[in-house]
Structure formats: structure tokens, C-alpha cells
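# Inside the fold
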Amino acid sequence: MNPPPTVTRRTLLAGAAAAGLLTACGSGDANKNTAEANQGVNLPKYTPSTVVKPDLPGTPEGVLDAFLTYPEPPVKQFTAAPGKGGTVSAFVLTGSPVPPPKGNNPFWQELDRRLGVDLQLTITPSGEMATKFSTLIAGDDLPDLIVPALFLPNGVPAGIGNLPQWMATKCTDLTKFVGGDSVKEYPNLAAIPTAAWRQCVYNGGVYGVPVPRGVAGTLVFRRDDVIGGLGVDPDPKSFTEFREMCRKVTDAKANRWACVNAGMLVFIIQQMLGGANDWRWADGKLVHQVETEEFKKAVSDAAAMFKEGLVHPDSFASNAPVKRWFGAGEALLIADRYTAWPQFYNENIAGAAFAISPMRIPTYDGGGLAKVWQSNAGSTNNFTVFKKADDGRIRDLLKLCDYLAAPFGTEEYLFRRYGQPGTHYTMQNGGPVPNQAGVAQTALGIRYIVDAPDVIYIPGRPEATKLSYDYQKAIVPDSVPNPVVAGGLFSDEWSRKQPVLGGIVSNGQNDIIAGRQPLSYVDEMRAQWKAQGGEQVRKDFTAQFEKLGIK
Amino acid sequence: MIFAILPGLLLLLTFHYLPLLGNVIAFKDFQPYLGLVDSPWSGLTNFRVLVEGDPYFLNALQNTVVIMLLQILVVFTVPIALALLLDSLISERLKRVVQTVLYLPHFLSWVIVIAIFNELLGGSGPLNSFLRRHDLGTIDIVGNAAVFKELVTGQVLWKEAGWAMILFLAALSRIDPHLYEASSVDGAGKARQLWHITLPGLRSVIVLLLILRLGDALTVGFEQILLQQQAVGLGTSEVLDTYVYNNGVVAGDWGVGAAIGLVKGLIGVVLVLGANKVAHLFGEPGLYQKDPR
């Protein structure tokens, strides 16, 4: 189930290169991003952090460490500022509203002081990331640290064709600084798991520092307080019972619907049916989700439920405020990542009564629980590349990154995430609960430069932390990975065409659910998907599966 | 004098003329990571989508033309009517208040206008909540593909009609009041005055604005439509501008996007030149004319 040890998805670029894809789009430069080159990369030696012991330990399969309270007192890791003065510039993203500029931002000023540098950040909202990044590349006036855009505003991965070539000419190969034992100079970077570092390998070298994440991906959050108050059984045992539950909790006259959107229905019904997590590799055949019968069935059921009025009626609007609806009890089920947990507590209007928990998805026909899909992004959220510079400068920047990767339990982590006590948060129930200034000022996006291994921790809510941990522990062992991500495969066609192919699926799916197209339109979507590049991607990946001998 | 022009000229050069060079992308297989210079030339391949009649492109073209006609028909004429109505008000104060109320929405950004429409008319908005509570059946306006074009036109009308009206009001105030007095002496009623004095007095302004409007007639509200596209699907909502964005910027097919943009610009030029010519035929000065000598 887990990826074979020595091969990464970039190492297999050779397959793509052999197909002439990369050479066709390159400008004649020798292509260094080959399987041979990437296979032998000297990855940083993993030395787990021993700073604190988790209250609930994670597992090697991918359950994260969990903490019920923030360790008291926090461990102070750094005695001196990691920076030596001067300016460090970085291009980062943020998923939160853009924070106040440095002049009005005490957190940022304090961060500068603690880092010992003047940190100049270009903070880009994640929605504009892809366009801003293209502009940055075209302008060629690069900051020291750059987070390449990997996703488009609609969540579809951005085309990264030619990204390796760009990195080869403009960015630093970090292998000699962090490869093997040399990473020991930066203990917090050494504590980042190897799987995350693998996602930074290009052109035969380590080209970035990763932001690691857990494999448990999207889950269904349930408003237990409301559903319980209605006296409805929150644990359906089959699809029929699930639909019945949705019917019982929906009351349009009271502005209350079961689901925030129909997309989440397609997502969970496919899991009930045992559908493909993006791709399915079985019996020597690679099949994409859109081609499966499970997909068609799920779309059909979701369309019926939408028509019946079990979904929030405004959910197709762009940027529909789904989290607000969930917080306000306008919709009682929402699909989101485990990282959304604290936000739900911070932003609901139900007050003390607010209670949520992850829903376990039953199998379609009943009899047991469905296997849950792993995160499609793999074990990394993103990575950060370093502009070409002399060795001394790179070492200084890595030192800074080491500070920014201080693990949970340290004083440095507490400050980096939550700011300063009193000003940005108050300690409640053993955890830093941010106030408004804290939420606004700390959203600098520095957590996307580099980060310590993720943990499960919901400040001030030990019971919620426990729920999240128990859920991960229950679902991770037999969770379903995306075979392409798990196998570490790479196709240049896939990385270029994902926006187009993803668009065909999501637009078509919406058209059917909203009743603008009949269910048979799925066949047309499949034909388009194949013609627009899907068939080529299948060829690329199939060759790699066969070459690797993955069954 | 020259120094007074300079900032504006620089602005024009930097943001209007310099970017024109970027149109070279239309003839290249542009890859952002390779840059403008290193991206390979691709001849006219990017224009194939136009010639071969890609169904998605044709769909976008059709939607654009329908919305364009709706907008010229409704959004161009309503401000004239509004101006006439407002001009007929006697109380100066009431006139000012009405004028202000009408043109204020112009200063709201599209994001806000659409949020207002969605909040008020959406499935969970006050209108439909009210209907639902009284068992009257809901009205599906926002997110209903069948009425999308009308909704879009309605939004433009609400946002821009009051603003567009101001120019016509100015033109109205320049009509010589003696003409009205003379015509009443001759026994002309309100309708005849409108037809024989007011509208001829507005004619040159109407023609001028119409020609200018035709220049970007194919631009039918990129931001406005993009923001609502997801709710109604691409079938009814894809227009040329969003097609360029979705296929060029989002999907990374920059060359095709630039090619379509280029052709769209050329059509705009042809429309302006053509309309100007027609205006001359009707004896109007139009946008510009040859030196009469």
C-alpha cells in the first residue's frame, strides 16, 4: 500500500521524457529531471524530534501525534536569533484574509526581532496564487524564498509543466546543504519525515523545503448539537439510511438543509460504493474516477438528493460561504480537512452548545463502514524553493527555516502560530485561544515557507482533539490512497493538463446535479476527458506502474 | 503644457501600448516558465480554434452575441428614458435626490453587487424564505441557467443605468429652451416636442456613445459573469472573455487565449470604423471625421 522506498514521482520523469513530452516543450537545454538523476538523490536523514512527548502518539501509517494541552512551560529551543540582520524576502500564500502590513502589525514586528532579520513578505491570497506566481516568474525579480503555486483557485492542481526547468536555472539545489547527515545542522528540518522531502526532489536534487501534512484527508463534519436536538439517529448504516437522515434533518422553512453542497455527496457516496480515489490501478489497468460506474452512480444519487432539496439551495455559487452555513446551522454536514477543526469552533454562532464530530461513512448497501480516501495531496502541502545565492546566504536562510520549523511544544512554535499571550491569545483550558488581533495579525503565511510535522491539536478543546485523533486512528489503517500519489508517479502531461481535465469533471458534474444535463452526459464527459489528454496521461502512468512492478 | 500631458501619456504608454507587444503570445506556444523570448513559435496554430469551430468556442461566441444585443437594446436605451423622465421633474431637489440614488450603485464593485443579488434573491434569501414560509413556491432566479442572461442584464442595468444617464442629462440641459416655447406657441404637444426637439437634440450624443460602446461590444462583463459562472454552468454563461480566462490563464493555454483576444480586438476596431462610417451617412459627425476642407 505504501510507496516503494526508493522511487519518487519525480524520479519517474524519465518515462515522460522518453515519450518526448519534456523535450518537446523544453528549449533544447539538457533535461536534468530524469529518473536516473532523481533516484540517487541523497535525501535528508530523518531524525524525529524529541522535544515533547505526545499525549496520544501517532502511528507510522500516518496517524498524527495528538496533544490535549499545550506543554507547560513550552520548551525554549533557540537561545539566540537565527538571523544575522539584513533583509530576507519571501513570496508566500495565505488562505486567510491578508494581514495588516508590518507598520500596523505588532506580531510581524516581534517576529522580525526574534528572527533577527527584516522579513519582507509578499503575501498572496491562495485564490490569486497561480496568476501572481506566473507574473513573478515572468518579471524575474525573485525574492529569496518562493512558494511555487501548485493549485488553482478552484482547488484543481495548477499546471506545473516546465517547473523543473525553471527551478534548474533560477533556484538552488539544496542537496549539499541538507542531504544525508548534513541536515543535522538544522535539527528541526531533520525532523521532517522523508516522505515529505521526496516531494521536493527535482532535477536530481532536493530543490526545496517541505510543509508536511498528514495522510488523513477530507472528512465529513456533523453538527451533533442540532441533529441530536432533532432526535435523529446521527449514524446511518447504509446509503438509504443516510438519505433518510438527510430528509429528517432538512427543514427548508426553517432555513435548514442537510448538506452544504452536492459535491460532498458525490465525494461520500463514492466512498460508500468503494469508488476510486482519483485513480484505480487493478489487473494491469489504470482507470480514472470519471470512468468508473461508482462515479456515475454517485452523481446520479447526488442529483436526486439535490432535486429533493436536501442540499443548501445556494451552494453552486462561487465562493459559497459553506463554513458560515455550517457554523450557523443552515447546513448540518460539511466535508473539510482535519485542519479546519479549530476554525469551526472559533467561528460558530451556537456558543457553548456547539458540538461537532466526524461522521463515519457506512457502506452503500449496509453492513460495515466504508474505507475512507486518503488525502490526494500526499504527505506535503507545498514546498518552498530558494533563489540562487552563494553558499553562506543559503546556510543563513536554512538557519531561518530551521527556526520556522520548530516543532509543537516549543516556545518558538507557540509564538509562530499564536503570537504573544495577552496581545494575541489567552490561555484557556490548557491552550492558546486566539483573539481577533491574533487571528488577523498571525496570518502572514510563514507556515507555508516550511513547517514542523503536523499534529492534531485544537486549542482549549481537549475533547475535540481526542475525537479527531480517534477518528484518524480508526480510518487510517485501511484508508485508500490515490495509487498515483502513493506510487510516486509523475507525468508531465498530467501536471500540465490537470486544470483542463479537472474542469471537465467538475463542470460536467455540476451540470448534471443542477439538472442542466441528463445523467447520460457522463459519457460525453468521459469522451472529452480522454480526448483532452486523459488518454495520454493514462499511457504515461501505466508505463510507470508496469516498470515499477506495482500490482 | 507638455508636462501636464506627460503623466497621462506615460500611463497610456505603460498600460495600453506596451502590453500590446504581449500579443506576440498569440503566435507562440507560450510557457510561463520559459518566458516570452524562449517560448517556441507556433505560427497560426493558436488561431485554429477560431477557424475550425470548436463547439465550446462557438458556444461562448453565441452567448456573447446574445448578451451584447440584450445590453445594447436595454442597457443603452434605458438611461435615455431615465434622463427624459428625470428631466421632466419640476422639483430641483427631488431631481437631485433621484439622480444620486440612481447613480450610486455605479460605485459598488461587482463582487458586492453580485453578493447583494445573491443574498436577496438566492434560494435561502429573504424573498424565497418569505415565499417558502407562506407556501407560495419559490422563484428560482439566482443560479437558474434559464434566466441567467436576463439576470446579468438586470444587474448591469441596476448598477450602470443611473451613471450612463448623467451624460444624457447634460445633453438635455443644452437644448435651447426657446425651441420648446416656440413649438408650444405653434401648438405642439409633449409627444411632438419629444420627437421633434428633444431626441434630435440628443442625437449626436447618442450616436457618439453608441459608437464608443460598439468598440467593446464583445466585452460583456468579465468579472460579473465569472463570479456567477459556477452557479449556472458554462453552457449559458461562457462568454469570450471567460473563455479566454478559463482556457488561457486557468488551463494554461496562453497562446489560444491571446489569439482570441487579438481577434476580438480586431472585431472591435471594425465595428467602430463601420459605425462611424454609418454615422457619416446619416449626416452625423460621429466619433471623428476627415477634415471637412
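What you see is a predicted model, and the numbers here were worked out from it, not measured in a lab.

What follows covers the sheet that holds strand β6 (residues 209-212) of chain A. Residue and element names in this part refer to chain A. Ordered by their spatial adjacency, five strands build an open sheet running β2-β1-β3-β13-β6, and the pairing between neighbours is mixed. Across the chains shown, the open sheet's two edge strands, defined by having one partner strand only, are β2 (118-125) and β6. Bridge analysis of strand β1 (residues 87-94) against β2 gives eight bridges, and the strand direction is parallel. The residue bridging V88 from the neighbouring strand is L119, located in β2.

Here we come to helix α19 (residues 462-475) of chain A. Residue and element names in this part refer to chain A. A rise of 1.5 Å per residue sets the reference length of α19, with its 14 residues, at 20 Å; its end C-alpha atoms lie 20 Å apart and thus fit the reference within 8%. Of the positions making up α19, those classed as buried are A464, T465, S468, Y469, Y471, Q472 and I475. Along α19, the residues classed as buried sweep out an arc of 160° about the axis, all on the same side. Of the surrounding elements, those touching the buried residues of α19 are β7 (218-223), α15 (341-347) and β12 (356-359).

Moving on, we come to the packing of aromatic side chains. This model, assessed by the stated rule, comprises 31 aromatic pairs over all chains. The interplanar angle of 35° and the centroid separation of 5.4 Å between the aromatic rings of B:F27 and B:F47 together place this pair among those described as tilted. Taken as a pair, B:F27 in the loop between α1 (2-17) and α2 (35-38) and B:F47 in the loop between α2 and α3 (48-51) lie far apart in primary sequence, 20 residues in all. For B:F27, a relative accessible area of 30% gives the class partly exposed. Take B:F47: its relative accessible area is 13%, and that puts it in the buried class. An aromatic cluster of at least three residues, connected via ring pairs, comprises A:F67, A:Y70, A:F408, A:Y413 and A:Y457. Note that B:K159 overlies the ring of B:W110, its terminal NZ or CZ placed 5.0 Å from the centroid.

Once that is clear, we can look at the interface of chain A and chain B. Put simply, an interface is often sized by how much accessible area is lost when its parts join up. Across the boundary between the two partners, chain A contributes 33 residues, which contact 29 residues of chain B. Across the interface of chain A and chain B, roughly 2,500 Å² is buried in total on both sides, 51% from carbon and sulfur atoms. Of all residues in chain A, the largest losses of buried area upon contact with chain B belong to A:K253, A:S318 and A:R516, amounting jointly to 22% of the total for that side. The tally of links from chain A across to chain B stands at two salt bridges. Here B:D135 and A:K253 are joined by a salt bridge, their closest N and O atoms 3.0 Å apart. Sorting the residues of the side of chain A that touches chain B by element identifies α5 (129-139), α6 (163-170) and α21 (492-513) of chain A as the ones contributing at least two each. Considering only residue class, the side of chain A that touches chain B consists of 14 nonpolar, twelve polar and seven charged.

This part is about the nonpolar core. Residues and elements named next belong to chain A. In terms of nonpolar packing, the biggest core is built from 85 residues, with F242, L265, L333, I513 and F541 touching the most fellow members. Counting only domains with at least three residues in this core, you end up with domain 1 (54-215 + 376-475) and domain 2 (218-373). Those residues in contact with F242 that sit more than four places away from it in its chain are P236, L265, I268, M272, M305, L333 and M359. If you look at the next biggest cluster of nonpolar residues, it comprises 63 residues, including F91, W108, V209 and C401.

Right, let's talk about empty space enclosed by the protein for a bit. To locate leftover empty space, one rolls a probe as large as a water molecule over the atoms. Following the criterion strictly, the structure yields one cavity of 30 Å³ or more and no others. Considering only enclosed or pocket space, the largest cavity measures out at about 60 Å³ in volume. Every residue along the wall of the largest cavity is listed here: A:A317, A:S318, B:I114, B:N118, B:V142, B:G143, B:F148, B:L151, B:L227, B:Q228, B:A231 and B:V232. Tallying contributions element by element places helix α12 (residues 222-232) of chain B first for the lining of the largest cavity, with four residues. Residues of the lining of the largest cavity, tallied by class, amount to eight nonpolar, four polar and no charged.

The next subject is the environment of A:T426. In this structure, A:T426 sits in strand β14 (residues 425-428). If we skip the residues at most four places from it in the chain, A:T426 touches A:G431, A:P432 and A:V433.

Residues and elements named next belong to chain B. Look at helix α6 (residues 92-103) against helix α9 (residues 148-173): their axes get within 7 Å of each other, and the N-to-C directions meet at 135°. The angle between α6 and α9 falls in the class oblique. Along the contact surface, α6 presents Q99, L102 and Y103, while α9 presents G162, W163, M165, I166 and L169. Each residue belonging to the contact of α6 with α9 can be placed in one class, and the counts come to six nonpolar, two polar and no charged.

Take the domain arrangement of chain A next. Residues and elements named next belong to chain A. Each assigned domain of chain A is listed with its residue range as follows: domain 1 (54-215 + 376-475) and domain 2 (218-373). For domain 1 versus domain 2, the separation of C-alpha centres amounts to 30 Å. Between domain 1 and domain 2, the contact holds 18 residues from the first and 16 residues from the second. Carbon and sulfur atoms make up 60% of the surface buried where domain 1 meets domain 2, a total of about 1,400 Å² over both sides. Scanning the region where domain 1 abuts domain 2 turns up zero salt bridges. Linking domain 1 with domain 2 are two residue pairs in polar contact (both at pLDDT 80 or more). By residue number, the principal contributor to the side of domain 1 that touches domain 2 is α19, which donates seven residues. Classifying every residue of the side of domain 1 that touches domain 2 by side-chain character gives ten nonpolar, five polar and three charged.

Another point: α21(A). Residue and element names in this part refer to chain A. An ideal rise of 1.5 Å per residue puts 32 Å on 22 residues; α21 measures up with 32 Å between its terminal C-alpha atoms. Along its length, α21 shows its largest kink, about 60°, at Q498, and proline P499 lies within four residues downstream of that point. Where burial is concerned, most of α21 is hidden: 16 out of the 22 residues are buried.

With that out of the way, let us pick up the environment of B:Q229. Residue and element names in this part refer to chain B. Within the fold, Q229 resides in helix α12. Judged by relative accessible area, Q229 falls into the buried class, the value being 6%. On a C-alpha basis, the gap between Q229 and W254 in space is 21 Å, while along the polypeptide they are 25 residues apart. Setting aside chain neighbours within four positions, we find Q229 in contact with L234, S237, E238, T242 and N246. At a separation of 2.9 Å, a polar atom in the side chain of Q229 contacts the side chain of E238.

Our focus in this paragraph is the environment of A:Q271. All names here are of chain A. Take Q271: it is sitting in helix α12 (residues 263-272). The spatial distance from the C-alpha of Q271 to the C-alpha of T542 is 24 Å, given a sequence separation of 271 residues. Look past the residues within four positions of Q271 in its chain and what remains in contact with it is I361, A370, K371, V372 and W373.

The next point concerns the packing of helix α10 (residues 177-185) of chain B against helix α11 (residues 190-215) of chain B. Residue and element names in this part refer to chain B. Where α10 meets α11, the closest approach of the two axes is 11 Å, and the angle between their N-to-C directions is 150°. When the interaxial angle is binned, α10 and α11 end up roughly antiparallel. Handedness of the crossing formed by α10 with α11: right-handed. Residues L179, Y180, S183 and S184 of α10 pack against Q193, I197 and T198 of α11. Per-class residue counts for the contact of α10 with α11 are three nonpolar, four polar and no charged.

Scoring rules and cut-offs
Residues numbered from 1 in each chain as written. Chains lettered and ligands numbered in written order. Predicted model: local features only at pLDDT ≥ 70, side-chain atom pairs only at ≥ 80, totals over all residues. Heavy atoms only, no water. Pairing = 2+ DSSP bridges. Helix = DSSP H or I, 4+ residues; strand = E, 2+ residues; numbered from the N terminus. Expected span 1.5 Å × (residues − 1). Buried < 20%, exposed > 50% of the residue type's maximum accessible area, 1.4 Å probe, protein only. Arc of directions from axis to C-beta. Contact = heavy atoms within 4.5 Å. Phe/Tyr/Trp six-rings, centres within 6.5 Å; stacked < 30°, edge-to-face > 60°. Lys NZ or Arg CZ within 6 Å of the ring centre and 35° of its normal. Buried area = accessible area lost by both parts, 1.4 Å probe. Salt bridge = Lys/Arg side-chain N within 4 Å of Asp/Glu carboxyl O. Nonpolar A, V, L, I, M, F, W, Y, C, P; charged D, E, K, R; others polar. Core = buried A, V, L, I, M, F, W, Y, C linked by side-chain atoms within 4.5 Å. Domains from an automatic or database assignment. 1 Å grid on protein atoms, 1.4 Å probe; cavity = no way out; pocket = protein on both sides within 12 Å on 5 of 7 lines; lining within 4 Å. Points joined across faces, edges and corners; volume = space filled by probe spheres on them. Axes fitted to C-alpha atoms, helices over the stretch in contact; angles between N-to-C directions. Parallel < 35°, antiparallel > 145°, perpendicular 65-115°, else oblique. Polar contact = N/O pair within 3.5 Å; in protein donor to acceptor, adjacent residues only side chain to side chain. Bend = angle between axes of the 7 residues up to and from the residue. Left-handed = near helix turned anticlockwise from the far one by under 90°.

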